[in-house]
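If you want the building blocks of each chain, they are given just below.
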Amino acid sequence: MIKLFDLKKEAAAKAGDPDGKKKVAAGSIRMQKDLSELKLEKGVTMDFHNGKDDIMNFKIKIKPNEGIYKNGTFVFDFKIAANYPHEAPKVRCETQIYHPNIDMEGAVCLNILREDWKPVLTLQSVIMGLQFLMYDPNPDDPLNKEAADMLIKNKQQFEHTVRRTLQGSGLIVGSKQYAFPKLI
């Protein structure tokens, strides 16, 4: 069982206060708890790109082993606010992707990151939600309306377009042209 007092002391020690007298942000304590309980599935890795001491900023890589986005590697940047869990994590997809729920600038449309966020949700919930988006895109709640329309009207064409973009082909969306990195 994790004891909250021990987490506070541990966080204080990492912040350079071995006696635990400095105030530690509640978000940092909650993140330590979430990280201690985190179980990453196969194909999911976590990178603390600012060093292990900065647990509020990290990247998650998801490499689906099935579905439309199979074998691609998708990087999501997480920024956790000091008042976490009262505020949802800020998540952006750094990998350019043709996806109904991720726009061309990397914004992610996942209900638990917006209106359905509740403090009882954990980092595990968010990562699982992102994995689910990679396995089963949701055209009913899109950020990329063109991709959603194509998925609804012609799933085969959508899958073909995704495969082409995963292989590095460019794509014209509206009046903009996008160059996709080769992911597989």
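The rules behind these values
- Residues numbered from 1 in each chain as written.
- Predicted model: local features only at pLDDT ≥ 70, side-chain atom pairs only at ≥ 80, totals over all residues.
- Heavy atoms only, no water.
- Helix = DSSP H or I, 4+ residues; strand = E, 2+ residues; numbered from the N terminus.
- Contact = heavy atoms within 4.5 Å.
- Areas by Shrake-Rupley, 256 points an atom, 1.4 Å probe, with all protein chains shown as cover.
- Expected span 1.5 Å × (residues − 1).
- Buried < 20%, exposed > 50% of the residue type's maximum accessible area, 1.4 Å probe, protein only.
- Arc of directions from axis to C-beta.
- Core = buried A, V, L, I, M, F, W, Y, C linked by side-chain atoms within 4.5 Å.

Looking at this structure, I do not really get the overall build of the protein. What am I missing?
If you tally the helices and strands in the protein, you get five helices and six strands. N-terminal to C-terminal, the α/β element order of the protein is α-α-β-β-β-β-α-α-α-β-β. Counted over contacts in the protein with a minimum sequence separation of 6, partners at least 24 positions apart contribute 53%. When the accessible surface of the protein is split by element, carbon and sulfur atoms take 51% of a total near 10300 Å².

Is there a simple way to explain helix H5 (residues 155–166) in this structure?
An α-helical segment advances 3.6 residues per turn. Residues three or four places apart therefore align on the same side. With twelve residues, H5 extends 16 Å between its outermost C-alpha atoms, agreeing within 8% with the 16 Å of an ideal straight helix rising 1.5 Å per residue. Those residues of H5 lying buried are Phe158, Thr161, Val162, Thr165 and Leu166. All buried residues of H5 project into a common sector of 135° when viewed along the axis, lining one side. Note on H5: the residue one or two positions beyond its end, Gly168, has a positive phi of about 100°.

For this particular structure, what's the right way to read the nonpolar core?
Within soluble globular proteins, side chains that are nonpolar tend to cluster in buried spots. Within the largest apolar cluster, 45 residues are counted, with the highest numbers of intra-cluster contacts made by Phe76, Phe78, Tyr98, Val108, Leu130 and Phe158. For this core, the elements supplying multiple residues, two or more each, are strand E2 (57–62), strand E3 (74–79), strand E4 (90–93), helix H3 (123–135), helix H4 (145–153) and H5. Residue contributions to this core peak at six residues, all from H3. Look past the residues within four positions of Leu130 in its chain and what remains in contact with it is Ile62, Phe76, Phe78, Val91, Val108 and Leu110.

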